[in-house]
Amino acid sequence: MAALRVVVLSGSSRTFLNAPKTIRTPTANMSISSMSRSRKVALSTFGVITAGGAGLALMLHQSVKASDLELHPPNYPWSHAGPLSSLDHASIRRGYQVYKQVCSACHSMEYLAFRNLVGVSHTEAEVKAIAEEVEVVDGPDESGEMFTRPGKLSDYFPKPYPNPEAARVANNGALPPDLSYIVNARHGGEDYVFSLLTGYCEPPAGVTVREGLYYNPYFPGQAIGMAPPIYNEVLEYDDGTPATMSQVAKDVCTFLRWAAEPEHDQRKRMGLKLLMGSAILVPLIYYMKRHRWSVLKSRKIAYKPPK
Amino acid sequence: MALAKSVYNLLFRRTSTFAVTIMVGAIFFERVFDQAGDALFEQMNRGKLWKHIQHNYEEKDEE
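Predicted, not measured: the structure shown is a model, and the values here were computed from it.

What counts, and at which threshold
Note that residues are indexed from 1 along each chain, following the sequence as it is written. To read the labels, note that chains go from A and ligands from 1, taken in the order they are written. Local features are withheld for residues below a pLDDT of 70 in this predicted model, meaning they are given only at 70 or higher, and side-chain atom pairs are given and counted only at 80 or more; totals for whole chains, interfaces and linings count all residues. The side-chain quantities take in all heavy atoms of the structure and omit both hydrogens and water. Pairing of aromatic rings covers Phe, Tyr and Trp, the last through its six-membered ring, and needs centres within 6.5 Å; plane angles under 30 degrees mean stacked, over 60 mean edge-to-face, and all others mean tilted. Runs of H or I in DSSP of at least four residues are treated as helices and runs of E of at least two as strands, each being numbered from the N terminus. Throughout, exposure labels follow a simple rule: accessible area from a 1.4 Å probe, protein chains only, divided by the maximum for the residue type, with under 20% read as buried, over 50% as exposed, and the rest as partly exposed. UniProt positions are given in the numbering used here, feature names are shortened, and annotations may be inferred rather than shown by experiment. We call two residues contacting when some pair of their heavy atoms lies within 4.5 Å. In these notes, a set of buried Ala, Val, Leu, Ile, Met, Phe, Trp, Tyr and Cys residues joined through side-chain atoms within 4.5 Å is what counts as a nonpolar core. Helix axes are fitted only over the stretch in contact, all axes being lines through C-alpha atoms; the angle between N-to-C directions runs from 0 to 180 degrees. Orientation is classified from the angle alone, with under 35 degrees giving roughly parallel, over 145 giving roughly antiparallel, 65 to 115 giving roughly perpendicular, and any other angle giving oblique. Crossing chirality is assigned from the near helix's rotation relative to the far helix, an anticlockwise turn below a right angle marking it left-handed and a clockwise turn marking it right-handed. We call Asp, Glu, Lys and Arg charged. Ala, Val, Leu, Ile, Met, Phe, Trp, Tyr, Cys and Pro are nonpolar, and the rest, Gly among them, are polar. Polar contacts, as used here, are pairs of N or O atoms within 3.5 Å; protein pairs need one atom able to donate a hydrogen and one able to accept it. Residues neighboring in sequence count only if both atoms are side-chain atoms.

1. Quick look at the packing of aromatic side chains
Residues and elements named next belong to chain A. In the structure shown here, the tally under the stated rule is 12 aromatic pairs over all chains. Pairing F114 with F157 gives two aromatic rings, centres 5.1 Å apart and planes at 45°, and the pair type is tilted. Separated by 43 residues along the polypeptide, F114 in the loop between helix 4 (89-101) and helix 5 (124-132) and F157 in the loop between strand 2 (147-150) and helix 6 (164-170) bring together distant segments of the chain. F157 matches F114 in its accessibility class, with the two residues each being buried.

This is the structure we're talking about:
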C-alpha cells in the first residue's frame with residue numbers, strides 16, 4: 001500500500017496520470033511504514049527493552065553459575081571438536097585398552113558389545129580373540145543348568161560386579177557409574193572427565209577430606225570416592241605411544257565419547273554432505289525467488305479515475 | 001547456447017525422454033555427489049579414521 005502511494009505521489013507518475021489531485025488510498029494500519037511516529041518509537045523501545053532484558057538475564061544466569069563452589073573444566077582442543085572433525089580412531093583403540101586394563105576393574109559399560117568395536121578400533125579377528133578371553137554365563141542347557149562358555153562377538157562387556165550393591169560394598173559405599181554414556185551424562189562431557197581424571201590434588205589448607213574419599217576440585221562437592229585411577233605409565237600401550245597421564249586420560253575420553261555417541265563420525269559426514277547440498281540448492285532457490293518476484297517488484301500499478 | 005538448444009531438443013522436449021533423463025541423471029548425480037562428499041570428509045580427517053589405520057592391524061593376521 002505504502003509503495004503504491006509513493007508511486008502515485010512521485011512526480012513522474014503524476015504527469016503520466018494527468019490527475020489534478022493526489023489520490024487518497026485507504027490503508028489498513030498494518031505495516032511499519034504506515035505507522036505514526038510515536039507508535040514507531042513505542043514499538044522500538046519495547047523491542048530494545050525486551051532484547052536487552054533477555055540478554056541481561058542470560059548474562060546474570062551465566063555469572064551466577066560462575067560463582068558456584070566448583071571448578072569448571074576448560075575447553076580442551078579435542079581432535080574431534082570441529083564441526084566436521086571425526087574421532088581419532090587410533091585414540092579410541094588406545095582408550096579401549098585403558099578402559100579394559102584400568103577402569104573396567106570398577107566400572108561397567110553395559111551398553112557396549114564386543115561387536116561394536118569391529119570396524120571402529122579393531123578388526124573382527126582381533127575382537128573375536130578379545131571376546132574369547134572372557135567367560136560368559138549362558139544357559140540353561142537341556143538339563144536346566146547354567147554353564148560358562150567363552151565370549152562371542154555378540155556378548156556385552158563383562159561387568160566388574162554382579163549388582164550395584166556389591167559395587168558399593170567394594171568401593172566404600174560409592175557406586176562407580178556405568179561409563180557407556182558418561183560423557184553425555186555429565187556437564188562438560190569429555191572436558192569434565194579429562195579434568196576429573198587428571199585433576200586430583202592435595203586439599204587446600206583447612207579442608208579435610210573424609211577417610212576413603214579423595215580431593216578433586218572438578219568433582220561437585222570436591223570429595224570423590226574414586227581413588228586416582230591413572231598416573232604416568234599406568235599401562236603400556238600396544239602401539240608404543242608413551243603412556244603419560246594426560247595421554248591416557250585423553251585416549252580414554254576419546255573412547256568414552258565414541259561409546260556415548262557411536263554415530264559421531266556418520267553424523268559429521270552427513271553434515272558435510274548437507275552443507276555441500278545446500279551450497280548447490282541455496283543459490284538456486286535464491287535465484288528462483290528473484291526470478292519469480294522480478295515481475296512483482298518491477299510493476300507499477302496506477303489508478304486512473306473515471307473521467 | 002547451441003549446446004543448450006540441442007540438449008533441449010534431444011532430451012527435455014518430450015516428457016518421456018525428460019522423465020528418463022531426470023531419473024538417470026539423479027542416479028549418476030547421487031553417486032558422484034556421495035563419493036565426492038566421502039572423499040572430502042576422508043581428506044579432511046586423514047589419518048584419523050579406521051579406514052586409514054586398519055592396515056596396521058590386518059597385516060598381522062595374514063602372517
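Alright, that's what it looks like, and here's the rest.
2. Description of the UniProt feature "binding site: heme c" (unreviewed entry) in chain A
Residue and element names in this part refer to chain A. The sites that carry the UniProt feature "binding site: heme c" (unreviewed entry) are, in the present numbering, C103, C106, H107 and M226. In summary, the annotated positions, though distributed over 124 residues, converge in three dimensions, the widest C-alpha pair being only 10.6 Å. Within the secondary structure layout, C106 lies in the loop between helix 4 and helix 5. Setting aside residues up to four positions removed in sequence, C106 forms contacts with P160, Y161, N171 and P176. Its location among the elements puts H107 in the loop between helix 4 and helix 5.

3. Here's the deal with the UniProt feature "domain: Cytochrome c" (unreviewed entry) in chain A
The UniProt feature table records "domain: Cytochrome c" (unreviewed entry) at residues 90-242 of chain A. With 27% helix and 8% strand, residues 90-242 of chain A has end C-alpha atoms that lie 14 Å from one another.

4. A closer look at the nonpolar core
All names here are of chain A. In terms of nonpolar packing, the biggest core is built from 45 residues, with M109, F157, F255 and W258 touching the most fellow members. Of all elements in the fold, only helix 4, helix 5, helix 7 (182-185), helix 8 (189-198) and helix 9 (245-260) reach the threshold of two or more residues within this core. Ranked by residue count, the leading element in this core is helix 9, at 9 residues. Contact partners of F157, with chain neighbours within four places excluded, come to Y96, Y99, M109, L112, A113, F114, L117 and F255.

5. A look at the packing of helix 10 (residues 264-298) of chain A against helix 2 (residues 15-44) of chain B
Between helix 10 of chain A and helix 2 of chain B, whose axes approach to 10 Å, the crossing angle comes to 125°. Judged by the inter-axis angle, helix 10 of chain A sits oblique to helix 2 of chain B. When the axes of helix 10 of chain A and helix 2 of chain B are compared, the crossing they make is right-handed. Together, D265, K268, R269, L272, K273, M276, G277 and I280 of chain A of helix 10 of chain A and F29, F33, D34, A36, G37, D38, L40, F41, E42 and M44 of chain B of helix 2 of chain B make up the contact between the two elements. By residue class, the composition of the contact of helix 10 of chain A with helix 2 of chain B is 9 nonpolar, 2 polar and 7 charged.

6. Some points on the side chain of E42 of chain B
Inspection of the secondary structure assignment puts E42 of chain B in helix 2. By relative accessible area, which is 15% here, E42 of chain B ends up buried. A polar atom in the side chain of E42 of chain B sits 3.3 Å from the side chain of R269 of chain A. Excluding anything up to four places from it in sequence, E42 of chain B contacts R269 of chain A together with L49, K51 and H52 of chain B.

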